[in-house]
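Structural overview
So the chains spell out like this:
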Amino acid sequence: MSVVARTVPAMAIARFPNIVIDCPDPGALATFYGAMLDWKVDVSSGRAEIRAEYGDCISFEQVEAYTRPEWPTQEVPQQMHLDVIVDDLDAAEAAVIDLGATKHDHQPGTSFRVFLDPAGHPFCLCVD
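So, here is what we can say about the structure in this document. Please read all numbers here as calculations on a predicted model, not as lab measurements. (Residues numbered from 1 in each chain as written. Predicted model: local features only at pLDDT ≥ 70, side-chain atom pairs only at ≥ 80, totals over all residues. Heavy atoms only, no water.)

Describing the packing of aromatic side chains
Note on aromatic pairs: each is described by the distance of the centres and the angle between the planes. Basically, it comes down to this: In this scheme Phe, Tyr and Trp rings, the latter by its six-membered ring, pair at centre separations within 6.5 Å, and the angle between planes marks the pair as stacked below 30 degrees, edge-to-face above 60, and tilted otherwise. When accessible area is computed with a 1.4 Å probe and restricted to protein chains, residues below 20% of their type maximum are described as buried, those above 50% as exposed, and intermediate ones as partly exposed.
Considering all chains together, one arrives at five aromatic pairs under this definition. Pairing Phe115 with Phe123 gives two aromatic rings, centres 5.7 Å apart and planes at 25°, and the pair type is stacked. Judged by relative accessible area, Phe115 falls into the buried class, the value being 0%. Take Phe123: its relative accessible area is 0%, and that puts it in the buried class. Taken together, the aromatic side chains of Phe32, Tyr33, Phe60, Phe115 and Phe123 make up a single cluster linked through ring pairs.

Structure representation (structure tokens):
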């Protein structure tokens, strides 16, 4: 029986990926997440992005026939969600609601809280 050696690349094939979130209004969603994370917002036709000072980026792309996810059911899958770390759940909750988030009725944990962004994507504020 022979063993086939597999060549392992000497370096990564790719670097940190850009996350792209489908939505009906890229500028509005970029503004929401940009304010929440204190990242720079750049809006262009049909697309927007937010970028951290150190380079991480999240993009938002316009989808004409966008359908809001239904969470926690999967009748319309959540499509994506972000978990963001916060120091104080109560203070962060008040801040994201002021930005336009909605706290979801279903809260399955105690160390995190589930919200919906303005386009309906679930995201969690987490303390650990």
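From this point on, the discussion continues.
Quick word on the sheet that holds strand 8 (residues 122-126)
As a reminder of what qualifies: In this description, strands pair whenever DSSP reports at least two bridges between them. Helix and strand definitions follow DSSP, with helices as H or I runs of at least four residues and strands as E runs of at least two, each counted in order from the N terminus. By the convention used here, residues are in contact when the closest approach between their heavy atoms is within 4.5 Å. Every axis in this analysis is a line fitted to C-alpha atoms, fitted for helices over the stretch in contact. Angles between the N-to-C directions lie between 0 and 180 degrees.
Ordered in space as 5-8-7-6, the four strands form an open sheet in which the pairing is mixed. On the outer flanks of this sheet lie strand 5 (82-85) and strand 6 (102-103), each paired with one strand and no other. Note: strand 5 against strand 8, four bridges, orientation parallel. Following the sheet pairing, Ile85 is matched in strand 8 by Cys126. Along the sheet, helix 1 (residues 26-37) contacts strand 5 and strand 8; its crossing angle with strand 8, the most-contacted strand, is approximately 5°. In the packing of helix 2 (residues 89-99) onto the sheet, contacts are made with strand 6, strand 7 (112-116) and strand 8, and the angle to strand 7 comes to roughly 5°.

With respect to the sheet that holds strand 3 (residues 47-51)
Pairing in this open sheet of four strands is mixed, and the strands run 1-4-3-2 from one edge to the other. Looking at strand neighbours, the two that pair on one side only are strand 1 (19-23) and strand 2 (40-44), the edges of this open sheet. For this sheet, the mean angle separating the axes of adjacent strands, direction not counted, is 20°. Helix 1 contacts strand 1, strand 2, strand 3 and strand 4 (57-62) of the sheet and is inclined by roughly 10° relative to strand 3.

Quick word on the pattern of salt bridges
Quick note on the threshold: Note on definitions: salt bridges are taken to be side-chain nitrogens of Lys or Arg within 4 Å of carboxyl oxygens of Asp or Glu.
Applying the stated rule across the entire model yields five salt bridges. Here Asp90 makes a salt bridge to Arg113, at a shortest N to O gap of 2.9 Å. Here Asp90, found in helix 2, pairs with Arg113, found in strand 7; they are 23 residues apart in sequence, far enough to count as distant. Taking the relative accessible area as the measure of exposure, Asp90 reaches 53% and is therefore exposed. On the basis of relative accessibility, which here comes to 18%, the residue Arg113 falls in the buried class. One network of salt bridges, with partners in common, ties together Asp90, Glu93, Lys103 and Arg113.

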